[in-house]
Protein chains: 2
Amino acid sequence: MYEGALADLIDELGRLPGIGPKSAQRIAFFILSSDPADVTRLSAALTRVKDQVRFCTICFNVSEQEHCKICRDTRRTDELICVVEEPKDVVAVERTREFRGKYHVLGGAINPLDGIGPDDLRIRELMARLSSGLTREIILATDPNTEGEATATYLALMLKPMGLSVTRLASGLPVGGDLEYADEVTLGRAFEGRRVLDV
Amino acid sequence: MYEGALADLIDELGRLPGIGPKSAQRIAFFILSSDPADVTRLSAALTRVKDQVRFCTICFNVSEQEHCKICRDTRRTDELICVVEEPKDVVAVERTREFRGKYHVLGGAINPLDGIGPDDLRIRELMARLSSGLTREIILATDPNTEGEATATYLALMLKPMGLSVTRLASGLPVGGDLEYADEVTLGRAFEGRRVLDV
């Protein structure tokens, strides 16, 4: 229905995740009526991210240098490694301000339906990191869904013979949530993981 | 939480309409793992739309030439002008394949709360077009909401002394809808506009 540059832009925007044809059209008209300097900034930010952002060669988090900010931080201990699926999970854990160790980003989770096996994740690189002997505990923080659980179980079996402590984040009721709205698996896990109250 | 180019991109994407912080992050990671050629194409499409897309000097629809495809189409009659608020409304009317006249895009609707008065719309340009004497009917196809109705009423009063037919799109029940879910204003309009069935 549109032609030329406007049609191309609507097409390109429609390829982005979560952007349907209506949103693509809305954004294209927004761009059309935006300040040219704003559009240039957005356009430059897109190409710059591809040119400058790399993966940390230690933990595979996003980084603009060979080693990411967290791996370079000497105040953080090498004794703890938190294993996550994606760089955005690092951000989620960092937001808690509870963790002072290092990370390892797998780049996904085991998912046979999508053809993602252990060899497609950065598991070999995790094993190589452990040879330093500094690591005392591995915290498996993959997603609490089927793929994340399968990945955590696989890693736990691989890590068991190495004699270090392997832990998994607790499953249970979300804080601030309502018991009646919790699904039965979550509520079951919350029962299983119940703790003695020190009063 | 992010740094450098990735943080900039998330910021810029977050300024687009309908894109919240979570979507911006999701799109930024999608860009990061996309083929560089795809990203270059998106980035170029953004700047190209600003460079190439103009407004038709006759009807103010979007166009890459001085006169848009519809105004240049000699098979379309100059006797009918359909007045709409935005270029995307032209696309909506074109999709019906019912209309073979020309358009006039106002660039919005009268909205005193947002400070948009008749002088901010392309009403003067519409009046100038009518001086050719070719126009027989003006179809007011502004949105069926408060602002669109006010704009249609304003235009109808302006156009009345010019002796041409001024019509407004019918309001009524949407085809395929359920009578019980129609709001009372729409249902009232449907009663008002009821027609004799020829059987």
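How each quantity is defined
- Residues numbered from 1 in each chain as written.
- Chains lettered and ligands numbered in written order.
- Predicted model: local features only at pLDDT ≥ 70, side-chain atom pairs only at ≥ 80, totals over all residues.
- Heavy atoms only, no water.
- Helix = DSSP H or I, 4+ residues; strand = E, 2+ residues; numbered from the N terminus.
- Rg over C-alpha atoms; globule rule 2.2 N^0.38 Å.
- Buried < 20%, exposed > 50% of the residue type's maximum accessible area, 1.4 Å probe, protein only.
- Contact = heavy atoms within 4.5 Å.
- Disulfide = S-S within 2.5 Å.
- Phe/Tyr/Trp six-rings, centres within 6.5 Å; stacked < 30°, edge-to-face > 60°.
- Least-squares fit on C-alpha atoms with pLDDT ≥ 70 in both.
- Pairing = 2+ DSSP bridges.
- Axes fitted to C-alpha atoms, helices over the stretch in contact; angles between N-to-C directions.
- Domains from an automatic or database assignment.
- Buried area = accessible area lost by both parts, 1.4 Å probe.
- Salt bridge = Lys/Arg side-chain N within 4 Å of Asp/Glu carboxyl O.
- Polar contact = N/O pair within 3.5 Å; in protein donor to acceptor, adjacent residues only side chain to side chain.
- Nonpolar A, V, L, I, M, F, W, Y, C, P; charged D, E, K, R; others polar.
- 1 Å grid on protein atoms, 1.4 Å probe; cavity = no way out; pocket = protein on both sides within 12 Å on 5 of 7 lines; lining within 4 Å.
- Points joined across faces, edges and corners; volume = space filled by probe spheres on them.
- Expected span 1.5 Å × (residues − 1).
- Left-handed = near helix turned anticlockwise from the far one by under 90°.

### Some points on the overall build of chain A
Phase 1 of the analysis: Each helix and strand in chain A was counted, giving 8 helices and 6 strands.
Phase 2 of the analysis: The helix and strand sequence of chain A, counted from the amino end, reads α-α-α-β-β-α-β-α-β-α-β-α-β-α.
Phase 3 of the analysis: A globule of 199 residues ought to have a C-alpha radius of gyration of about 16 Å, yet chain A, at 22 Å, is considerably larger.
Phase 4 of the analysis: Principal axes of the C-alpha set define a box for chain A whose edges measure 65 × 45 × 40 Å.
Phase 5 of the analysis: Counting all 199 residues of chain A, 40% fall into the buried class.
Phase 6 of the analysis: Within chain A, contacts between residues at least 6 apart in sequence are counted, and of these 48% link residues at least 24 apart.

### Some points on the state of the cysteines
Residues and elements named next belong to chain A.
Phase 1 of the analysis: Counting across every chain of the model gives 0 disulfides over all chains.
Phase 2 of the analysis: Cys71 takes part in no disulfide bond, and the closest cysteine sulfur, belonging to Cys59, lies 3.7 Å away.
Phase 3 of the analysis: Look at Cys71 and you get buried, because its relative accessible area is 13%.

### Remarks on the packing of aromatic side chains
All names here are of chain A.
Phase 1 of the analysis: Following the criterion strictly, the structure yields 4 aromatic pairs over all chains and no others.
Phase 2 of the analysis: Look at Tyr2 and Phe29: their rings are 5.7 Å apart centre to centre, the planes differ by 65°, and that puts the pair in the edge-to-face class. Of this pair, Tyr2 sits in the segment before α1 (4–14) while Phe29 sits in helix α2 (residues 21–32), placing them 27 residues apart in sequence. Phe29 matches Tyr2 in its accessibility class, with the two residues each being buried.

### What to know about the relation of the copies chain A and chain B
Phase 1 of the analysis: Each copy superposes on the other: chain A lies on chain B with an RMSD of 0.2 Å after a rotation of 179° and an axial shift of 0.1 Å. The symmetry that links the two subunits is that of a two-fold axis. In terms of C-alpha distance to the rotation axis, chain A has Ser43(A) as its closest residue, with the C-alpha 2.3 Å off the axis.
Phase 2 of the analysis: The share of interface residues of chain A whose copies in chain B are also at the interface is 100%, consistent with both copies meeting through the same surface.

### Structural notes on the sheet that holds strand β5 (residues 137–140) of chain A
Residue and element names in this part refer to chain A.
Phase 1 of the analysis: Taken in spatial order, the 4 strands line up as β4-β3-β5-β6 in an open sheet, and their pairing is parallel. Single-partner strands in this sheet number two, and they are β4 (102–105) and β6 (165–168). Here the strands of the sheet are splayed against their neighbours by 25° on average, with no regard to which way each runs.
Phase 2 of the analysis: Pairing of β5 with β6 involves 4 bridges; the strand directions are parallel.

### Quick word on the domain arrangement of chain A
Phase 1 of the analysis: Per the domain assignment, the segments of chain A are domain 1 (8–52), domain 2 (74–168) and domain 3 (170–199).
Phase 2 of the analysis: Taking the mean C-alpha position of each, domain 1 of chain A and domain 2 of chain A sit 35 Å from one another.

### Considerations on the interface of chain A and chain B
Phase 1 of the analysis: Opposite the 46 residues of chain A that make contact, chain B presents 46 residues.
Phase 2 of the analysis: Taken as a group, Met1(A), Leu46(A) and Lys50(A) account for 14% of the area that chain A buries against chain B, more than any other trio of residues on that side.
Phase 3 of the analysis: Joining chain A to chain B, the criterion identifies 4 salt bridges.
Phase 4 of the analysis: When the shortest N-O distance is used, the salt bridge between Arg41(B) and Glu12(A) registers 2.8 Å.
Phase 5 of the analysis: At the boundary of chain A with chain B, the tally comes to 13 residue pairs in polar contact (both at pLDDT 80 or more).
Phase 6 of the analysis: Of all elements in the fold, only α1, α2, α3 (36–52) and α5 (87–96) of chain A reach the threshold of two or more residues within the side of chain A that touches chain B.
Phase 7 of the analysis: Among the elements that make up the side of chain A that touches chain B, the one with the highest residue count is α3(A) (13 residues).
Phase 8 of the analysis: For the side of chain A that touches chain B, the residue count by class is 24 nonpolar, 8 polar and 14 charged.

### Overview of the sheet that holds strand β4 (residues 102–105) of chain B
Residues and elements named next belong to chain B.
Phase 1 of the analysis: Spatially, the 4 strands line up as an open sheet ordered β4-β3-β5-β6, and their pairing is parallel. Here the strands that pair on one side only, and so sit at the sheet edges, are β4 and β6 (165–168). Going across the sheet, the axis of each strand differs from the next one's by a mean of 25°, ignoring polarity.
Phase 2 of the analysis: This element, helix α6 (residues 123–130), spans β3 (80–84), β4 and β5 (137–140) of the sheet and lies at about 150° to β4.
Phase 3 of the analysis: Most of the contacts of helix α7 (residues 146–159) go to β6, to which it runs at about 170°, and overall it touches β3, β5 and β6.

### A few points about empty space enclosed by the protein
Phase 1 of the analysis: Counted by the stated rule, this structure contains 1 cavity of 30 Å³ or more.
Phase 2 of the analysis: Estimates place the volume of the largest cavity at around 70 Å³.
Phase 3 of the analysis: Looking at the largest cavity, it is lined by 13 residues, and the ones nearest its centre are Leu13(A), Leu16(A), Leu42(A), Leu13(B) and Leu16(B).
Phase 4 of the analysis: Sorting the residues of the lining of the largest cavity by element identifies α2 and α3 of chain A together with α3 (36–52) of chain B as the ones contributing at least two each.
Phase 5 of the analysis: Its residues assigned to classes, the lining of the largest cavity comprises 13 nonpolar, no polar and no charged.

### A few points about helix α2 (residues 21–32) of chain B
Side chains three or four residues apart in an α-helix point the same way, a direct result of the helix having 3.6 residues per turn.
Phase 1 of the analysis: A rise of 1.5 Å per residue sets the reference length of α2(B), with its 12 residues, at 16 Å; its end C-alpha atoms lie 16 Å apart and thus fit the reference within 8%.
Phase 2 of the analysis: Residues of α2(B) that are buried include every one of Ala24(B), Gln25(B), Ile27(B), Ala28(B), Phe29(B), Ile31(B) and Leu32(B), and no others.
Phase 3 of the analysis: Looking at the buried positions of α2(B), the neighbouring elements they touch are α3, β2 (62–63) and α5 of chain A together with α1 (4–14) and α3 of chain B.

### Let's talk about the packing of helix α6 (residues 123–130) of chain A against helix α7 (residues 146–159) of chain A
Residue and element names in this part refer to chain A.
Phase 1 of the analysis: Here α6 crosses α7 at 35°, and the two axes come no closer than 12 Å. The two elements α6 and α7 cross, and the hand of that crossing is right-handed. Contacts between α6 and α7 involve Ile123, Leu126, Met127 and Leu130 from the first element and Tyr154, Leu155, Met158 and Leu159 from the second.
Phase 2 of the analysis: Of the residues in the contact of α6 with α7, the class split is 8 nonpolar, no polar and no charged.

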